[in-house]
Amino acid sequence: MKLPGLLPGFLLLCTSLGSSEGSHPKPACRYPPSQWCRSLEIAIACNVQKQCMELNATKPSRAVPPVSVTLYYEILCPGCRGFISQQLFPTWTMLQDIMTVTLVPYGNAKELPSVNSPFTCQHGEAECRGNMIEACIIHLTGHSAFQIIYCMESAANVLNAAQPCLQLYAPSVSWARVSSCVTGDLGNQLMHANAVMTRALSPAHTHVPWVTFYGEYTEDNEDKAMSSLFSLVCQLYKGVKPPACNGAPVRLNRSFC
């Protein structure tokens, strides 16, 4: 469930729009600024074609592969929530042109041979439902998924935030579609796929958050990621570093489940 990066610099775009005459978004624009350059249709609807073209011209060369980051997590783990809200999402926001993020909501859950309750989770039934909600959101919303997940994980109540976060960042996807996914076969299929991915980890995960880079886990990279994921992504990228990588690193504390 890979989340493709959006075009960078939407904060810069917002600033330039606010200071340029005649470049304010049309009233018909119903997308948040972070999505204005997602497609030509949205750029036209929001009257930002020129700005998006200029941003696109500054993108790093795709001849150098982006840093591939995969997060194995569970939605109610405090350490996972902290890593998503304080490390992964801010890093992706600044460096999304040189990194890709894959989210695998499952964590320390177990798959059971039961039709009525095929999964059991470390933090109870609510977490199992939440894992499935996020798996369905990732499947249904594509480009907007990470913003929705961040919105949920940084909220006081993850589950209660799901519907308003979906409406904010993916207004074209109805909550009814997510509910249908969660209560139908698709939700179980998505969770089974996440279970298979998690069980296939080598070495096997012993805690969450569990982060791999280019599909591989090392304790050294974990230590660096938990302290400053931003610095690690800049270090691992083999191409010309973006200007953001020249800033001073910020170190954070770690927490696991």
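Quick caveat, the model's predicted, so the values are computed rather than measured. (Residues numbered from 1 in each chain as written. Predicted model: local features only at pLDDT ≥ 70, side-chain atom pairs only at ≥ 80, totals over all residues. Heavy atoms only, no water.)

A.B. asks: Before we move on, could you go through the pattern of salt bridges and cite the residues and values that matter?
C.D. replies: Tallied over the full model, the rule gives three salt bridges. Taking the shortest distance from any N to any O, the salt bridge between lysine 224 and aspartate 220 comes out at 3.3 Å. Placement of both lysine 224 and aspartate 220 in helix 10 (residues 219–236) is noted, with a separation of four residues, approximately one turn of the helix. For lysine 224, a relative accessible area of 28% translates into the label partly exposed. (Salt bridge = Lys/Arg side-chain N within 4 Å of Asp/Glu carboxyl O. Helix = DSSP H or I, 4+ residues; strand = E, 2+ residues; numbered from the N terminus. Buried < 20%, exposed > 50% of the residue type's maximum accessible area, 1.4 Å probe, protein only.)

A.B. asks: Describe the nonpolar core, and please don't skip the residues or the numbers.
C.D. replies: With 61 residues, the main nonpolar core has Tyr73, Leu88, Met99, Leu103 and Phe213 as its most contacted residues. Sorting elements by how many residues they give to this core places helix 5 (residues 125–141) first, with eight residues. With near-sequence residues (within four places) excluded, methionine 99 lies in contact with Pro66, Val67, Val69, Leu88, Thr91, Trp92 and Val233. Ranked by size, the runner-up nonpolar core spans eight residues in total, among them Cys37, Cys46, Val48 and Cys52. (Core = buried A, V, L, I, M, F, W, Y, C linked by side-chain atoms within 4.5 Å. Contact = heavy atoms within 4.5 Å.)

A.B. asks: Pulling in residues and values, what's your account of the packing of aromatic side chains?
C.D. replies: The geometry of an aromatic ring pair is captured by the separation of the ring centres together with the interplanar angle, meaning the angle of the planes. The tally for this structure, following the rule as stated, stands at six aromatic pairs. Taken together, a centroid distance of 5.7 Å and an interplanar angle of 40° make the contact between phenylalanine 89 and tryptophan 92 tilted. With phenylalanine 89 and tryptophan 92 both in helix 4 (residues 78–95) and three residues apart, this pair spans about one turn of that helix. Of the two residues examined, phenylalanine 89 and tryptophan 92, each falls in the buried class. Both rings, one in tryptophan 210 and one in tyrosine 217, keep their centres 3.7 Å apart while their planes meet at 15°; by these two values the pair is stacked. Residues tryptophan 210 and tyrosine 217 agree in their burial class; the two are buried. (Phe/Tyr/Trp six-rings, centres within 6.5 Å; stacked < 30°, edge-to-face > 60°.)

A.B. asks: I'd like a description of the pairing of strand 2 (residues 67–73), backed by residues and values.
C.D. replies: With respect to burial, strand 2 is a largely interior element, seven of its seven residues being buried. Taken together, the seven bridges between strand 2 and strand 3 (residues 99–105) define a ladder with parallel strand orientation. The residue of strand 3 that forms the bridge with valine 67 is methionine 99. Since strand 2 and strand 3 lie parallel, the crossover through helix 4 that links them has a hand, and here it is right-handed. By the bridge criterion, four bridges tie strand 2 to strand 6 (residues 210–213) in an arrangement that is antiparallel. Looking at the pairing, leucine 71 lines up with valine 211 of strand 6. (Pairing = 2+ DSSP bridges. Right-handed = clockwise from strand over helix to strand, strands pointing away.)

Any link to function would need more than the numbers given here.
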